[in-house]
Amino acid sequence: MKRLKIQLLNYWLVLLTLTGCSNEIALQLSGGEAVGLGKIVTRTGESNEPSETNVPEWQWQKGDVVTATASPSSLSATYTYGDTGWGEANNPDFTKEKIGIDAIMLEFGNTGLISDQSEAANYRKADYLKGTGTINFLTIEGYLGHQYCDLVLTITKGTGWASDDEFVKAMADASCLFVANSAENTTTNVTPYHDGSTFRAIFPPANMVKGSNQKIATLTFGNSDNTPTLLKGQKATIAYTNEANDLVKNAL
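Residues numbered from 1 in each chain as written. Predicted model: local features only at pLDDT ≥ 70, side-chain atom pairs only at ≥ 80, totals over all residues. Heavy atoms only, no water.

Visitor: Requested: an account of the overall build of the chain, with residues and values cited.
Guide: When its secondary structure is counted, the chain shows three helices and 16 strands. Burial analysis of the chain (252 residues in total) assigns 44% to the buried set. Here the analysis covers contacts within the chain between residues at least 6 apart in sequence; of these, 64% occur between residues at least 24 apart. Carbon and sulfur atoms make up 48% of the accessible area of the chain, which totals about 13100 Å². (Helix = DSSP H or I, 4+ residues; strand = E, 2+ residues; numbered from the N terminus. Buried < 20%, exposed > 50% of the residue type's maximum accessible area, 1.4 Å probe, protein only. Contact = heavy atoms within 4.5 Å. Areas by Shrake-Rupley, 256 points an atom, 1.4 Å probe, with all protein chains shown as cover.)

Visitor: Kindly report on the nonpolar core, identifying the contributing residues and their values.
Guide: In terms of nonpolar packing, the biggest core is built from 27 residues, with Leu-153, Phe-178, Phe-203 and Leu-219 touching the most fellow members. Elements with a contribution of two residues or more to this core: strand E10 (149-157), helix H3 (164-173), strand E11 (175-181), strand E14 (198-203), strand E15 (211-220) and strand E16 (235-242). In contact with Phe-203, other than residues within four places in its own chain, are Leu-113, Tyr-148, Cys-149, Leu-151, Phe-178, Val-179, Ala-180, Val-190 and Met-208. Ranked by size, the runner-up nonpolar core spans 18 residues in total, among them Val-35, Tyr-79, Ile-104 and Leu-129. (Core = buried A, V, L, I, M, F, W, Y, C linked by side-chain atoms within 4.5 Å.)

Visitor: Which residues make up the packing of aromatic side chains, and what are the values?
Guide: Scanning all chains against the criterion turns up four aromatic pairs. Between the aromatic rings of Tyr-128 and Tyr-148, the centroid separation amounts to 5.5 Å while the plane-to-plane angle is 45°, which identifies the pairing as tilted. Remark: Tyr-148 occurs in the loop between strand E9 (139-146) and E10 and Tyr-128 occurs in strand E8 (residues 128-136); sequence separation between them is 20 residues. Since its relative accessible area comes to 10%, Tyr-128 is described here as buried. Exposure remark for Tyr-148: the relative accessible area of 7% places this residue in the buried category. Measuring from ring centre to ring centre gives 6.2 Å for Phe-178 and Phe-203, while their planes differ by 35°; the resulting arrangement is tilted. Within this pair, whereas Phe-178 is found in strand E11, its partner Phe-203 is found in strand E14, the two being separated by 25 residues in sequence. Comparing Phe-178 with Phe-203, the two get one shared label, buried. (Phe/Tyr/Trp six-rings, centres within 6.5 Å; stacked < 30°, edge-to-face > 60°.)

Visitor: Got a sec to walk through the pattern of salt bridges? Specific residues and values, please.
Guide: Counted by the stated rule, this structure contains seven salt bridges. For the salt bridge of Asp-150 with Arg-200, the shortest nitrogen-to-oxygen distance reads 2.6 Å. Of the two residues, Asp-150 is situated in strand E10 and Arg-200 in strand E14; the sequence distance between them amounts to 50 residues. Taking the relative accessible area as the measure of exposure, Arg-200 reaches 23% and is therefore partly exposed. Note that Lys-169 is salt-bridged to Asp-165, the shortest N-O span being 3.3 Å. Remark: Asp-165 and Lys-169 occur in helix H3; sequence separation between them is four residues, near one turn of the helix. The class for Lys-169 is partly exposed, based on a relative accessible area of 38%. Assessed through its relative accessible area of 43%, Asp-165 is described here as partly exposed. (Salt bridge = Lys/Arg side-chain N within 4 Å of Asp/Glu carboxyl O.)

Visitor: If you had to explain the side chain of Asn-242 to someone new, which residues and values would you point to?
Guide: Here Asn-242 shows up in strand E16. Looking at Asn-242, the relative accessible area reads 2%, which means it is buried. One polar contact links the side chain of Asn-242 to the main-chain carbonyl oxygen of Val-209, over a distance of 3.1 Å. (Polar contact = N/O pair within 3.5 Å; in protein donor to acceptor, adjacent residues only side chain to side chain.)

This is the structure:
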């Protein structure tokens, strides 16, 4: 995962950014006659080794679905995370005997750009993890790697604010639209997840705007009493430089 630098020169605001992926996490599922999920770890795609340096942020949630596909047989099954962990495969034919020595591909998430990520659930669904697994007795063990870019825009208070509280309220009242590349060299808007003064959205690498000093977002201040009068309805165009041509090849 490449780290993308964004700069915004403004009297009122100083802009910081972070990008990231989730870190190592293990999944446990008791075995049965059918093949189940065993130990699965995630990685960022920058390394073939599981991430061990950062505090884990990724947590599996009820309703999460991992798909396992065997090749070349093309047998597949899905596993759904429930109250007590991962459930059994939805395909009774997904057994050790029928899979044999086939390679197993693991997938989680969405394979395209989600334009509305304003809700936490949609932001989560916008992620895409892919990896491989092997059967150990009756369970699948392997890796899942993040394939997409997590673009995070964090605004910090500059000069000109009356207080920290004024800044916090104004940020809560603000909105933002990210810009993404679309088909045929066009662009489309992505509504990010908004948490305080942070806006974030997940992009497939092909949808990241590339080039020098390219528009990546528009920040719009609100019109309520939470926003200073001088800033009400004002817009700030945010540009960045992205010359990372290897975002795709560095994915898992």
